[in-house]
Amino acid sequence: MIENYGILSLLPTALVLVIAIVTKKAIAPLVVGVAVSFLMLDGIWFASGFVNAAYATFQGDTLGMIVLVTILFGILVQLLDKSQAAQAFSAAVNKRVASAKSSLFASWAMGILLFIDDFLNAIVVGTTMRRTTDRYGVPREMLAYVVDVTAAPMAVLLPFSAWAIFFMSMFGELGLTAQIGLSEFDMYWHVVPFIFYSIIAVLMVPLVIAGIIPPLGQMRDACEKTALKPIDPTTSVLENGGAKPRHFIIPVLILVIITFATEGDVVQGAIIATIVAAGLFLHRGFLTKRQLADSVHEGIVSMLPVIGIIFFALVLVEGNARMGTTEFVVETMAPIMSPELLPCATFLIVSILAFGTGSFFGTAAVVMPIIVPLALGSGCDIFLVLGATISGAVFGSNCCFFGDATVLTASSCQITPIRHALTQLPYGLIAWVLAMFLYVLFGFML
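Residues numbered from 1 in each chain as written. Predicted model: local features only at pLDDT ≥ 70, side-chain atom pairs only at ≥ 80, totals over all residues. Heavy atoms only, no water.

Visitor: Let's hear about the overall build of the chain: which residues, and what values?
Guide: A count of helices and strands for the chain gives 23 helices and 0 strands. Radius of gyration (C-alpha) of the chain: 22 Å, near the 22 Å computed for a compact globule of 446 residues. In terms of principal-axis extent, the alpha carbons of the chain reach across some 70 × 55 × 45 Å. Relative to all contacts within the chain whose residues are 6 or more apart in sequence, the contacts with residues 24 or more apart total 81%. About 18000 Å² of surface is accessible on the chain, with carbon and sulfur atoms providing 69% of the total. Each charge class in the chain can be summarised by its mean position, and for the 20 positive and 26 negative side chains these summaries are 20 Å apart. (Helix = DSSP H or I, 4+ residues; strand = E, 2+ residues; numbered from the N terminus. Rg over C-alpha atoms; globule rule 2.2 N^0.38 Å. Contact = heavy atoms within 4.5 Å. Areas by Shrake-Rupley, 256 points an atom, 1.4 Å probe, with all protein chains shown as cover. Lys, Arg positive; Asp, Glu negative; His and termini not counted. Charge placed at Lys NZ, Arg CZ, Asp CG, Glu CD.)

Dropping the structure here:
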C-alpha cells in the first residue's frame, strides 16, 4: 500500500480548480497548486522537490511529445495563415456551408473522421473550421465544444486510436486476455458498447447544434455576445491573389495520412506536413524567406503559454502521485463497493481523479489493477467495469480545466482554456449524469 496524505492530498487540486474558476486563468492556479503540493511534501525543501518533479516531467515521454506537437502545429498554423491558404480554404467551404448550424455539423463530421488521435483532432478541426464558423457568427466557445467532444470521446470508440491502444495494452498487462480467452482487440470491441460517457457525449453534439439542447450557462452568454457582434461575412479572404484551397488541403492531408500510417504518431505527421507546407509556399511564391522565418518564430511564441500550462499540470501530477491522491480515493471507496454498484463507483472514482488531477492514462493505470480483481472476484461484468473506467478517463480529458486536450482545443479555436472549460462543462455534466444512470442500471441488470 502506498502511503498517502489522506484527505489533505486533495487540497492542491481543489485549490487549482477554485482559483481557476475565480480568476478564469490557467497557469497561475497551477503554479499555486504545485507550490502547495511541494510545500506539503517537502516543507522548507520544497524547491528541491519541485526541481526533482520538473526533471521527472522533462524526462518523461508525455511532455516531450506535447512540446513537439504544439510547436510544430504552431508553425504550421502560421504558415497556413500567412500564405493565405487557410483563407482560401475557408472561402471554398463558405460556398458549401450555408448557415451557422451547417458549419458546426461540418466540424462535428470532420472530428469524427479524425478519430485516430485526439491531439490531431483538436488542432486540425479547430484550425480548419474557425474562419467558417466565425463568418456565421458562431461563438468560438461553441466550436471548441464540438471539437473537444469529437477528440478523446470519439477516439475511444474505435480500436485504432492511441487511447484504444493504451487500454488494450492494459488488458494484456493485467492478464485479462488469458483469463477471458479473447484477444486484446476482441476484448476492446466487447467493451466499446459500455463506454457510455463517450457515446452520449458524441451523440449530444447534433442535439446541441440543432438547438434541441439549448445553450447553457456561460455558453448562453457567449452566444448572446456573439449575436450582438456578428463578424462581417463580406470580408475578403483572398487578398494575395494566389493561394487556392488545395494549398491548405495538401499539408493537412499529409498530416492525417502520415499520422494514420505511423499508427497515431502525430509528431511525424506534423514534421512532414510542416516541411511540405514550407517548401510548397516558398516554391509557389506565397511566402518570402523572411515571412517563413517570421512564421516559425511566431508559431513557437504563440504556443509557449500552452506548453507552460501543460508543464505545470504534469508537475502537479507528479506531486499528486507522491501524496497518494489516487490511492486514497480508491481505498476510501473500495469497502463500500458491492458487485452491483462497482461499475458506477468505478466511473465516479476515475472521473473525479481524472478531472481533478489532469492525469487520464495515469489514473486508469493506477485504478485498473485494483478494480479489475474486484470485478472478477465479485462476478461483476468485467466489460461493464472496463467501460466505466474508460468513460471516467475520457470525462476527465474532456472536461479537465488544465488537460492537454482542453488546452490544445482552446488554442486552435483561439479562446482561453478556462473559457473553453467553463462553457463546455454543463454539457459534459449532462453526459456524465446520463452515463452514471446507465452504469447503475446495467450494474443491477448484468
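So much for the structure itself; the text now carries on.
Visitor: Can you break down unusual backbone geometry residue by residue, with the values?
Guide: Phi at Gln-84 is positive, roughly 70°, even though this residue is not glycine. Assignment of secondary structure puts Gln-84 in the loop between α4 (61-82) and α5 (85-94). Non-glycine residue Gln-414 carries a positive phi angle of around 60°. For Gln-414, the position within the fold is in the loop between α22 (404-413) and α23 (417-445).

Visitor: I'd like to hear about the packing of aromatic side chains, residue by residue, with values.
Guide: Under the definition given, this model contains 20 aromatic pairs. Seen from their ring centres, Phe-105 and Trp-108 are 6.5 Å apart, and the 70° between their planes marks the pair as edge-to-face. Residue Phe-105 and its partner Trp-108 are both found in helix α6 (residues 100-113); the two are separated by 3 residues, about one turn of the helix. By relative accessible area, Trp-108 is classed as buried at 18%. Summarising the aromatic geometry, the rings of Tyr-197 and Phe-395 are spaced 5.5 Å apart at their centres and angled 90° between planes, so their arrangement reads as edge-to-face. Here Tyr-197, found in helix α13 (residues 196-210), pairs with Phe-395, found in helix α21 (residues 382-399); they are 198 residues apart in sequence, far enough to count as distant. The class of Tyr-197 is buried, set by a relative accessible area of 0%. (Phe/Tyr/Trp six-rings, centres within 6.5 Å; stacked < 30°, edge-to-face > 60°. Buried < 20%, exposed > 50% of the residue type's maximum accessible area, 1.4 Å probe, protein only.)

Visitor: Now, about helix α19 (residues 342-357): what can you tell me, with residues and values included?
Guide: Compared with the 22 Å implied by 1.5 Å per residue over 16 residues, the 22 Å span of α19 between its first and last C-alpha is a close match. Here α19 lies mainly inside the structure; 14 of its 16 residues are buried. In the segment just after α19, Gly-358 is the residue with positive phi, at about 75°. (Expected span 1.5 Å × (residues − 1).)

These figures come from the coordinates and say nothing about function on their own.
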